[in-house]
Amino acid sequence: MRTVTAGVLDVHRMSPESLRGIAAGGASEADLRLLCAAQRSQLLLVLRALLDHVDEVAPRTRHPGGVPSGQIAWGVLCAAQDRSPDAVESVLADPTVTAWALRLLRRLGGFVTAPVSAAPLWADLGQFHALAAAAALRAGAPCVLRVPAHRGMIWLPGTGMAGPVARRRWSEAEIRVERDGAVASGELADVRLPRLLACAAPGWRPLRMLRRLEPGRAGTGPWLDTVSPYRDFARYPRSPERWGDERLQVWEARLAGAYALLDRECPAEAAALRTLVRALVPRSFRGTEGGLVASASSLDAFGAVTLSLPSDETQTAAVLVHETRHQQLNALLSLVRLVRVREEGGAEDGGGEPKERRLYYAPWRSDPRPVGGVLHGVFAFAGVGRFWHAHRGHATGTEARRADFEFAVLREQLQEAVTALLPDDDLTEPGRLFVGEIADLVATWQDEEVAAGPAALARHYCALRRAVWRARHLEIPAPVANRLAEAWLAGADASALPPSELRPRPDLIRLDTFGPLARIRLSAPDTFDRRRLREDRSGEPALRAGYAAVAGDAERAAAAYAEWTAQDPSDPEAWIGAALAQPGPARGTGAALLLDRPETVAGVRRAVTAAGGGLPAPLELAEWLGGAGRP
């Protein structure tokens with residue numbers, strides 16, 4: 001922690017062999033330690049930069065009594081490290097420390113893109129002293145520090161929250177660390193912290209260690225964080241949440257089962273999870289059934305994953321693998337540039353002609369993504385694909401059908417994504433090597449046999465997502481659409497179709513329903529049948545069409561898609577679904593065009609309507625555009 005005054009600082013370096021190993025999913029223990037060490041070094045640099053800024057800004061910060069000097073907090077941190085280095089490490093290992101530090105550094109630097117803090121500046125600055133207090137508390141280093149309290153609660157990073165000691169939204173409190181414990185004091189109350197900091201007590205809400213996982217890891221995680229003010233990736237500070245013990249025990253059991261599953265079936269992914277992820281932030285989310293889980297990682301909070309409760313241990317394991325892969329890549333990108341940096345205005349690495357970054361179809365996303373976003377998705381889902389690939393060898397019954405479906409979906413989606421990504425000149429040489437390793441892995445999956453039912457659902461799902469994405473975000477030039485409309489109205493043949501242009505339309509994005517329905521049918525067929533029967537009686541045509549398509553009932557699917565089209569003639573998703581519901585051998589030129597170029601059919605149809613030609617049937621128009629002639 002102390003300032004270096006002489007000597008040469010070492011740097012963290014990633015070898016090409018390690019880069020290949022990480023890309024292929026075989027990160028070694030040394031590779032994972034390197035990623036963690038690089039992130040720790042970054043945090044120390046940020047803290048050192050904050051130390052300079054805090055005392056510079058403090059005199060201009062309005063707060064009764066002034067803002068305590070950052071040098072005081074730094075001195076306490078150094079004393080705590082001299083006494084117990086492990087105590088300081090356990091505090092710095094809290095991902096929310098990095099989140100606080102980076103956000104504050106941006107705030108002091110005036111970055112307009114930084115999230116806006118709801119805390120007054122003196123309170124954000126004062127968390128430096130809360131960090132020092134937590135380290136002193138764990139090390140048993142006596143001190144007295146002034147710290148901020150949010151709604152009466154005092155943050156002790158890596159440890160928990162003390163209070164309430166005050167009534168006001170923001171107030172100043174005191175932490176007194178003594179040899180026999182610590183006391184948090186404010187204008188409302190005093191709270192004596194328990195000797196066993198991991199145990200809850202009146203006025204003390206600790207981070208909840210996942211004790212079922214691995215004895216002897218207390219203090220280093222993983223833990224469930226429902227209290228830290230900087231645990232949210234989008235807004236902060238947040239007050240502690242009140243989660244009942246019974247509810248948290250469900251989380252612990254689900255997570256423990258997922259960790260054990262990965263230990264048995266995917267040791268490499270399990271090792272990365274245990275090494276990189278320290279904090280799991282539970283969140284509420286309706287709709288986890290059918291595989292819908294809300295989860296996220298953040299560049300600002302290395303080691304933290306926020307997630308809603310998945311439906312079972314298998315889905316929990318897949319989500320943890322996914323987010324751990326994001327953690328790996330976030331850390332890797334601080335060491336190796338995989339994507340070229342562009343200057344403002346589009347110039348690449350400060351030179352060359354400005355140009356727009358290309359946006360891609362990322363099969364797991366509903367919005368167009370830049371090369372960096374696709375790279376993140378490719379690496380994350382390659383890990384999930386490895387998990388389902390391994391799980392297929394252990395699963396039986398409906399679980400095996402579900403694993404087949406997930407694997408078949410991901411191998412197709414990843415193959416499409418890496419094929420598009422590899423030629424992109426925004427990839428650096430290491431980036432091309434990295435993506436190439438993933439492409440080689442995905443290639444080995446393509447000829448593996450998958451059960452017919454899950455394989456057919458997977459093909460349908462991938463084709464549906466691809467076509468719907470095109471219909472939402474691509475279009476043909478308006479003059480060309482008008483010329484084709486004139487030819488249609490004149491009874492002439494269609495001319496050659498032009499390339500489509502990207503026109504992102506986030507307002508058209510809707511929640512996917514086919515994937516969740518497919519997962520329910522594979523995992524719980526009786527539940528699927530009951531719900532389908534209910535929807536057939538009173539449901540909307542779009543949902544009835546989805547149930548019928550998932551069930552393979554082409555006749556009822558066609559009828560429901562026709563009803564959907566009549567209800568909303570401008571929605572190409574209904575036309576796409578109708579084309580997909582047809583058995584493959586029965587699809588003609590028109591159905592093929594509706595799947596390959598739905599944006600063309602939609603554009604010409606709009607032009608025909610605008611020219612007074614009514615609403616031509618989508619399939620009929622598609623057959624004409626495809627060269628089969630007008631019936």
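Rules used throughout
Residues numbered from 1 in each chain as written. Predicted model: local features only at pLDDT ≥ 70, side-chain atom pairs only at ≥ 80, totals over all residues. Heavy atoms only, no water. Helix = DSSP H or I, 4+ residues; strand = E, 2+ residues; numbered from the N terminus. Rg over C-alpha atoms; globule rule 2.2 N^0.38 Å. Areas by Shrake-Rupley, 256 points an atom, 1.4 Å probe, with all protein chains shown as cover. Lys, Arg positive; Asp, Glu negative; His and termini not counted. Charge placed at Lys NZ, Arg CZ, Asp CG, Glu CD. Pairing = 2+ DSSP bridges. Contact = heavy atoms within 4.5 Å. Axes fitted to C-alpha atoms, helices over the stretch in contact; angles between N-to-C directions. Buried < 20%, exposed > 50% of the residue type's maximum accessible area, 1.4 Å probe, protein only. Salt bridge = Lys/Arg side-chain N within 4 Å of Asp/Glu carboxyl O. Polar contact = N/O pair within 3.5 Å; in protein donor to acceptor, adjacent residues only side chain to side chain. Core = buried A, V, L, I, M, F, W, Y, C linked by side-chain atoms within 4.5 Å. Parallel < 35°, antiparallel > 145°, perpendicular 65-115°, else oblique. Nonpolar A, V, L, I, M, F, W, Y, C, P; charged D, E, K, R; others polar. Expected span 1.5 Å × (residues − 1). Phe/Tyr/Trp six-rings, centres within 6.5 Å; stacked < 30°, edge-to-face > 60°. Lys NZ or Arg CZ within 6 Å of the ring centre and 35° of its normal.

**Q** Give a detailed account of the overall build of the protein chain, specifying residues and quantitative values.
**A** A count of helical and extended segments in the protein chain gives 22 helices and 16 strands. Against the 2.2 N^0.38 benchmark of 25 Å for 631 residues, the protein chain shows a C-alpha radius of gyration of 28 Å, consistent with a compact globule. Counting only C-alpha atoms and orienting by the principal axes, one finds that the protein chain spans roughly 90 × 60 × 50 Å. For the protein chain, the computed accessible surface area is about 27,600 Å², with 51% contributed by carbon and sulfur atoms. Of the charged side chains in the protein chain, 76 are positive and 75 negative, and the gap between their average positions amounts to 5 Å.

**Q** Can you lay out the sheet that holds strand S11 (residues 295-296) for me, pointing to particular residues and giving the numbers?
**A** The strand order across the open sheet formed by five strands is S8-S9-S10-S12-S11, and the pairing between neighbours is mixed. Looking along the sheet, the strands with just one partner apiece sit at the ends: strand S8 (208-209) and S11. Bridging between strand S10 (residues 279-283) and strand S12 (residues 304-308) involves five bridges; their strand directions are parallel. Paired with Pro282 across the strands is Leu307, a residue of S12. The strands that helix H9 (residues 313-333) touches are S10, S11 and S12; relative to S12, the one it contacts most, it runs at about 150 degrees.

**Q** Requested: an account of the side chain of Arg103, with residues and values cited.
**A** Of note, Arg103 is situated in helix H5 (residues 95-109). Salt bridges are absent for the buried Arg103, whose nearest opposite-charge side chain, Asp300, sits at 4.0 Å. Engagement of the side chain of Arg103 in a polar contact is seen with the backbone oxygen of Phe233, the distance being 3.5 Å.

**Q** Describe in detail the nonpolar core, supporting the description with residues and values.
**A** Across soluble globular proteins, you tend to see nonpolar side chains buried next to one another. In terms of nonpolar packing, the biggest core is built from 125 residues, with Leu280, Leu332, Val378, Phe387, Leu414, Phe434 and Ile438 touching the most fellow members. If you tally residues by element for this core, the top one is helix H10 (residues 371-391), at eleven residues. Once residues lying within four places of it in the same chain are set aside, the contact partners of Ile438 are Ala23, Val378, Phe379, Ala382 and Val418. Residues Leu50, Leu131, Leu137 and Ile175 belong to the second largest nonpolar core, which totals 71 residues.

**Q** Describe in detail the packing of helix H7 (residues 245-265) against H10, supporting the description with residues and values.
**A** Where H7 contacts H10, the two axes come as close as 10 Å, and the packing angle between them is 75 degrees. Viewed along their axes, H7 and H10 adopt a mutual orientation that is roughly perpendicular. Between H7, through Leu261, Leu262 and Glu265, and H10, the contact on the second element is made entirely by Phe387, Ala390 and His391. Along the lines of polarity and charge, the residues of the contact of H7 with H10 split into four nonpolar, one polar and one charged.

**Q** Lay out the packing of helix H15 (residues 514-523) against helix H16 (residues 525-538) with the relevant residues and their values.
**A** In contact at an axis separation of 5 Å, H15 and H16 are set at 125 degrees when each is read in the N-to-C sense. Taken together, the axes of H15 and H16 are oblique relative to one another. Residue-level contacts link Leu517, Ile520, Arg521, Leu522 and Ser523 of H15 to Pro525, Thr527, Phe528 and Arg531 of H16. Here the contact of H15 with H16 is composed, by residue class, of five nonpolar, two polar and two charged.

**Q** Which residues make up the sheet that holds strand S3 (residues 160-162), and what are the values?
**A** Strands sit in the order S2-S3-S7 across an open sheet of three strands; the sheet is antiparallel. Strand pairing shows two members of the sheet lacking a second neighbour, strand S2 (154-156) and strand S7 (204-206), which therefore form its edges. Pairs of neighbouring strands in the sheet enclose a mean axial angle of 20 degrees, with direction left out of account. Alignment of S2 against S3, held across three bridges, turns out to be antiparallel. Bridging from a neighbouring strand, Leu156 pairs with Gly160 of S3.

**Q** Any chance you could break down helix H13 (residues 452-473) for me, citing the residues and the numbers?
**A** Compared with the 32 Å implied by 1.5 Å per residue over 22 residues, the 32 Å span of H13 between its first and last C-alpha is a close match. Of all 22 residues making up H13, 16 are buried, and the element is well covered by its neighbours.

**Q** Outline the environment of Gly612, listing residues and values.
**A** One can find Gly612 in the loop between helix H21 (598-610) and helix H22 (618-625). Taking the relative accessible area as the measure of exposure, Gly612 reaches 65% and is therefore exposed. Along the sequence, Gly612 and Leu489 sit 123 residues apart, while their C-alpha atoms lie 9.3 Å from each other.

**Q** Report on the packing of aromatic side chains, specifying residues and quantitative values.
**A** Tallying each qualifying case throughout the model produces 14 aromatic pairs. Between Trp243 and Trp251, the ring centres sit 6.1 Å apart and the planes meet at 70 degrees, which makes this aromatic pair edge-to-face. Both residues of the pair, Trp243 and Trp251, belong to the buried class. Through a chain of ring-to-ring contacts, the aromatic side chains of Trp155, Tyr230 and Tyr236 assemble into a single cluster. Above the ring of Trp243, the side-chain terminus of Arg247 is found at 3.7 Å from the ring centroid. A cation over an aromatic ring shows up here: Arg325 above the ring of Phe379, its NZ or CZ 4.3 Å from the ring centre.

**Q** Lay out the pairing of S10 with the relevant residues and their values.
**A** Burial runs high along S10: four of the five residues are buried. With two bridges joining them, strand S9 (residues 223-224) and S10 adopt parallel strand pairing. Paired with Leu224 across the two strands is Leu280, which belongs to S10.

**Q** Quick one: what's the story with the pattern of salt bridges, residue by residue and with numbers?
**A** Here the structure, examined in full by the defined rule, presents 39 salt bridges. Of the charged contacts, one joins Arg40 and Glu89 as a salt bridge, the two residues approaching to 2.6 Å between their closest N and O atoms. Highlighted residues: Arg40 in helix H2 (residues 29-57) and Glu89 in helix H4 (residues 85-92), separated in sequence by 49 residues. Among the charged side chains, a salt-bridge network with shared partners connects Arg231, Asp232, Arg238 and Glu241.

**Q** If you had to explain unusual backbone geometry to someone new, which residues and values would you point to?
**A** Cis rather than trans, the peptide bond between Gly163 and Pro164 has omega equal to 5 degrees. In this structure, Pro237 follows Tyr236 across a cis peptide bond, with omega equal to -5 degrees. Within the element layout of this structure, Pro237 appears in the loop between S9 and H7. Its identity is not glycine, yet Arg151 carries a phi of approximately 50 degrees, on the positive side. Here Arg151 shows up in the loop between strand S1 (143-150) and S2. The exposure class of Arg151 is partly exposed, given its relative accessible area of 45%.

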